[in-house]
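Residues per chain are reported as follows:
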Amino acid sequence: MRLPIIGANWKMHKTIREAESFAAEFPADADLYRKVEVVIFPTFTALAVVGNALRGTGIKMGAQNMHFETKGAFTGEISPNMLLDAGCSYVLLGHSERRHIFKETNEFINKKVKAALAHGLVPILCIGETLEERQNGRTEDVCKEQLLGSLTDIEARDITTMVVAYEPVWAIGTGVNATSQDAEETIAFIRRIIHEKYGQKAGESVRIQYGGSVKPTNAREYFSKENIDGALVGGASLEVDSLSEIIKSAGII
Ligand code: PGA
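Conventions used here
Residues numbered from 1 in each chain as written. Predicted model: local features only at pLDDT ≥ 70, side-chain atom pairs only at ≥ 80, totals over all residues. Heavy atoms only, no water. Axes fitted to C-alpha atoms, helices over the stretch in contact; angles between N-to-C directions. Helix = DSSP H or I, 4+ residues; strand = E, 2+ residues; numbered from the N terminus. Parallel < 35°, antiparallel > 145°, perpendicular 65-115°, else oblique. Contact = heavy atoms within 4.5 Å. Nonpolar A, V, L, I, M, F, W, Y, C, P; charged D, E, K, R; others polar. Expected span 1.5 Å × (residues − 1). Buried < 20%, exposed > 50% of the residue type's maximum accessible area, 1.4 Å probe, protein only. Arc of directions from axis to C-beta. Lys, Arg positive; Asp, Glu negative; His and termini not counted. Salt bridge = Lys/Arg side-chain N within 4 Å of Asp/Glu carboxyl O. Polar contact = N/O pair within 3.5 Å; in protein donor to acceptor, adjacent residues only side chain to side chain. Near = heavy atom within 4 Å. Areas by Shrake-Rupley, 256 points an atom, 1.4 Å probe, with all protein chains shown as cover. 1 Å grid on protein atoms, 1.4 Å probe; cavity = no way out; pocket = protein on both sides within 12 Å on 5 of 7 lines; lining within 4 Å. Points joined across faces, edges and corners; volume = space filled by probe spheres on them. Pairing = 2+ DSSP bridges. Right-handed = clockwise from strand over helix to strand, strands pointing away.

### Quick notes on the packing of helix α6 (residues 106-119) against helix α8 (residues 139-150)
1) Next: Where α6 contacts α8, the axes come no closer than 7 Å and their chain directions differ by 45°. Between α6 and α8, the crossing angle belongs to the class labelled oblique. On α8, the residues that touch N106, I109, N110 and V113 of α6 are E145, Q146, G149 and S150.
2) Next: Its residues assigned to classes, the contact of α6 with α8 comprises two nonpolar, five polar and one charged.

### Examining α8
1) Next: Between the first and last C-alpha of α8 there are 16 Å, a value that for 12 residues agrees with the 16 Å anticipated at 1.5 Å per step.
2) Next: The complete set of buried residues in α8 reads T139, V142, C143, Q146, L147 and S150. Looking down the long axis of α8, one finds its buried residues gathered within 125° of arc, a one-sided arrangement.
3) Next: Residues of α8 that are buried make contact with α5 (96-100), α6, β5 (122-127), α7 (131-135), β6 (163-166) and α10 (180-198).

### Looking at the side chain of R99
1) Next: With respect to the secondary-structure elements, R99 resides in helix α5.
2) Next: No salt bridge is formed by the buried R99, whose closest oppositely charged neighbour, E104, lies at an N-O distance of 7.3 Å.
3) Next: Within the structure, the side chain of R99 is placed 2.9 Å from the backbone oxygen of G94, a separation counted as a polar contact.

### So, the site of the ligand
1) Next: What surrounds the ligand is a group of 13 residues, the closest being K11, H95, E167, G173 and S213.
2) Next: Between S213 and the ligand, the recorded distance is 2.8 Å, taken from a backbone N or O atom to an oxygen atom.
3) Next: Within the contact set of the ligand, an oxygen atom lies 2.8 Å away from a backbone nitrogen or oxygen of G234.
4) Next: In isolation the ligand has 280 Å² of accessible area, and contact with the protein removes 95% of it.
5) Next: Here the residues of the shell around the ligand sort into four nonpolar, seven polar and two charged.

### Comments concerning the layout of surface pockets
1) Next: Its volume calculated, the largest pocket comes out at about 400 Å³.
2) Next: In terms of lining, the largest pocket is formed by 13 residues, of which the most central are K11, M12, Q64, R98 and F102.
3) Next: Surrounding the second largest pocket, 14 residues form its lining, M1, R2, P4, F223 and I253 being those nearest its centre.
4) Next: In terms of residue class, the lining of the second largest pocket is built from six nonpolar, three polar and five charged.

### Re the pairing of strand β2 (residues 37-41)
1) Next: With five of five residues buried, β2 is to be regarded as a mostly interior element.
2) Next: Side chains E37, V39 and F41 of β2 all project onto a buried face; the interleaved residues V38 and I40 project onto the opposite face, where all are buried too.
3) Next: Here β2 pairs with strand β3 (residues 60-63) via two bridges, running parallel. If you follow V39 over to β3, its bridge partner there is K60.
4) Next: Since β2 and β3 lie parallel, the crossover through helix α3 (residues 47-54) that links them has a hand, and here it is right-handed.

In structure tokens form, the structure reads like this:
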């Protein structure tokens, strides 16, 4: 049985004060957070206060990005050990906004995945096709290329501990979500690729989320699918009520 995982990707939203009050208002429900792993991804500036506010709640925290070096002349970057220091246990890597707006390549993301694992941060590796790629029938090829390209030289035992988020680019922030059937099919395909390359145990234990316009009204459909282990939520994670509804629907499956 894989533990469902809900990630709240706040992107470039919330001031320190807004982030802190969200964390303070979030319902305490340690039993639920044992059944559904919850990870909040605030902006870098809010990590320290959110980390403090979440202490003892069972809710975890991650960063939205990082650099692979531990220190040095990398203006504007943040290292894995700095994230650990701020209280993170997770890190989002290869989000489509990083790939498309900031031109991050699989090779660059692969260095970050390795650095995260070496520091004991759990990477959530995001992959997914654009609308044009989907319309050209390239969804599986693109997902396979991003997945294997970002996981070069990573051992099967590390794959079992990490999380993959399948996020079709056309569904992110658009309100147009993939159908649960389409998401299930692509996620089953991703699991098969992991199985073939890293063995049965990795294929069975790696958790794979769906992301892209997940809301309280559609979340349950995804979580009822065999291969979908939770969601990475952007817009709907910015309000306490909608995020907690989504978490609850993962807890009753
Ligand atoms: P969305 O974003 O839920 O606003 O579509 C998801 C994501 O980018 O992780």
